[in-house]
Amino acid sequence: MLHSQKPSAWQVLTVRGRTGCVLLMAPTPNEEAPAIAERIAESLPEDGLRQTRIVCTDDPSAHLLSTLRNVMPKLELLCLDPVHLCMTFEYGTYRRRTKASTMLRTIMQKFNAVDFKNMSAYNSRPFNGIQDVSFDHITKTRREQILSGGMGKAKAESLLDSLDAAKPWQCERDCIEAMAAFVRCFPDDVDKIIPGPNRSGRQVLYTACAPARMQWYFNNIRARHSMRPDRVVLLPAGTTSNEALHAEVRAWFRETQQMHKSTLEIKLRVLHLSKLMTHHAGMYRPTLRQIPSGLVLARSVVSSAWNRRKPWSKFAGQSGKAHLPLNERRQQEASLVKAHASKKPAANIKRPAAMRHCAKKPATHVLPQKVRRTPFNRVRVSTCRIMGKKRQGGLKA
């Protein structure tokens, strides 16, 4: 599962594995397919990339699939996260759960359901974004009812009441009929304008039911039914685990406005290590999964890494300072920022206060500047009276 956080000069790319382990947390210049594939190839081992068959993302495309296949030769399925549609729909209610959003989550949950008794019934050709897909006449009519709301009220309520979230969708027509019934039963909720896309809820659902986009959703069903049942258990719903990780990243950097790229890499490496430690402890001790990750991390780092005398003596006996490539890069970045700031015209003009307190004479290249009145150089008028007479003149600040 991969996802990138935006907008920023350097975006954070995160990748999680099948068990929810954080495999990658690294900065990337953009979220284009070549940049993502290059970063993944640099950071993840080749043996692991050769074994990758399924990738879940929030923005699949034929270009992304073909680019990732250059670094993942056995990649078969690119799946669209079904939960993102629910989160976008809840923007219209200020991220609050309503009856309408709960029903929409039930509809989209069927893309993550698995029928363990009949696994082979859902095996079909994966969609790669190139095949020509289209709906039949009945399915097109049901899709148009999403915009018009023309489905009968009794039929719509009957369809929604008979939904079983534990069973996956059999075909595209069933899913689109459920969407048309959802629009008919919750007209006020789907008519609200959703911030972000700046469209109504019914227009967002109509776009989500496009033929190609619907096939990306059905890749989730194909992927889960192509895996062994014991491996499906630990799979999250789409990229929700990545969304939770991004919430943690935003909390970590909430008070940080800007930083150098090398500093960002160091912080992400430390955070990556902390996520690996908690995941390792949770996998070997399943009961720890019920405890917040912060408490698990605090208990995990109690034991010292130097539990033996020999490794510590070997580390302490090394001569010279350790080679820190990221520290060297940070110094280079700081010098580039300083050099760029000195090229600006305003950098060659000294402020009046600085010129007044400077011991040396100002350089000849300093341009003349009018004195700007500030609270620090304004002449204060005294209101004191000495022997009944008002003091003449003023006091310098």
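Everything below is about the structure shown above.
What comes next concerns the included structure. (Residues numbered from 1 in each chain as written. Predicted model: local features only at pLDDT ≥ 70, side-chain atom pairs only at ≥ 80, totals over all residues. Heavy atoms only, no water.)

Before going further, it helps to examine the overall build of the protein. When helices and strands are tallied, the protein shows 18 helices and 11 strands. In the protein, which comprises 397 residues, the proportion classed as buried is 37%. Summing over all exposed atoms, the protein offers an accessible surface of approximately 25,500 Å²; the carbon and sulfur share of this is 54%. (Helix = DSSP H or I, 4+ residues; strand = E, 2+ residues; numbered from the N terminus. Buried < 20%, exposed > 50% of the residue type's maximum accessible area, 1.4 Å probe, protein only. Areas by Shrake-Rupley, 256 points an atom, 1.4 Å probe, with all protein chains shown as cover.)

Another aspect to go through is the packing of helix 6 (residues 137-148) against helix 8 (residues 172-185). Where helix 6 meets helix 8, the axes come as close as 8 Å, and the angle between the chain directions of the two elements is 25 degrees. As summarised for this structure, helix 6 and helix 8 are arranged roughly parallel, according to the angle between their axes. Along this stretch, helix 6 crosses helix 8, giving a crossing that reads as left-handed. Together, Ile 138, Thr 139, Arg 142, Arg 143, Gln 145 and Ile 146 of helix 6 and Arg 173, Ile 176, Glu 177, Met 179, Ala 180 and Val 183 of helix 8 make up the contact between the two elements. (Axes fitted to C-alpha atoms, helices over the stretch in contact; angles between N-to-C directions. Parallel < 35°, antiparallel > 145°, perpendicular 65-115°, else oblique. Left-handed = near helix turned anticlockwise from the far one by under 90°. Contact = heavy atoms within 4.5 Å.)

Here we take up the pattern of salt bridges. Two side chains with opposite charge may pair up if their charged atoms get near one another. Considering all chains together, one arrives at 15 salt bridges under this definition. Here Asp 115 and Lys 167 are joined by a salt bridge, their closest N and O atoms 3.9 Å apart. Taken together, the residues Asp 115 in the loop between helix 5 (99-109) and helix 6 and Lys 167 in the loop between helix 7 (153-161) and helix 8 connect sequence positions 52 residues apart. According to the relative accessible area criterion, Asp 115 is buried, its value standing at 13%. A salt bridge links Glu 157 to Lys 153; its shortest N-O distance comes to 3.8 Å. Here Glu 157 pairs with Lys 153, and both are found in helix 7, just 4 residues apart, close to one helical turn. By relative accessible area, which is 36% here, Lys 153 ends up partly exposed. By sharing partners, the salt bridges in this structure join Arg 39, Glu 42, Lys 261 and Glu 265 into a single network. (Salt bridge = Lys/Arg side-chain N within 4 Å of Asp/Glu carboxyl O.)

With respect to the helices and strands, Cys 86 occurs in helix 4 (residues 83-90). Once you skip the residues sitting within four places of it in the chain, Cys 86 turns out to touch Leu 104, Arg 105 and Met 108.

Its identity as a non-glycine residue notwithstanding, Arg 95 has a phi of 65 degrees, on the positive side. Locating Arg 95 in the fold gives a position in the loop between helix 4 and helix 5. Positive phi, normally seen in glycine, also occurs at Asn 198, with a value near 55 degrees. Along the polypeptide, Asn 198 turns up in the loop between strand 6 (193-194) and strand 7 (199-200).

With that settled, consider the layout of surface pockets. Estimated volume of the second largest pocket: approximately 900 Å³. What lines the second largest pocket is a set of 31 residues, among which Gly 17, Arg 18, Thr 52, Arg 53 and Ile 54 lie closest to the centre. Every element with two or more residues in the lining of the second largest pocket is listed here: strand 2 (11-16), helix 2 (46-51), strand 4 (54-57) and helix 11 (211-225). Its residues assigned to classes, the lining of the second largest pocket comprises 17 nonpolar, 8 polar and 6 charged. (1 Å grid on protein atoms, 1.4 Å probe; cavity = no way out; pocket = protein on both sides within 12 Å on 5 of 7 lines; lining within 4 Å. Points joined across faces, edges and corners; volume = space filled by probe spheres on them. Nonpolar A, V, L, I, M, F, W, Y, C, P; charged D, E, K, R; others polar.)

Right, let's talk about the environment of Lys 261 for a bit. Checked against the element boundaries, Lys 261 lands in helix 14 (residues 261-284). Taking C-alpha positions, Lys 261 is 7.6 Å from Arg 330, a pair spaced 69 residues apart along the chain. In contact with Lys 261, not counting residues within four places along its chain, are Trp 10, Pro 27, Arg 329 and Glu 333.

Moving on, we come to the pairing of strand 2. Strand residues, when the strand is regular, have side chains that alternate between the two faces of the sheet. In terms of residue burial, strand 2 counts as a mostly covered element, since 6 of its 6 residues are buried. Relative to strand 3 (residues 22-28), strand 2 runs antiparallel, the two sharing 6 bridges. By the bridge assignment, Val 12 is partnered in strand 3 with Pro 27. Between strand 2 and strand 3, which pair antiparallel one after the other, the connecting turn spans 5 residues, and Gly 20 there sits at a positive phi close to 90 degrees. (Pairing = 2+ DSSP bridges.)

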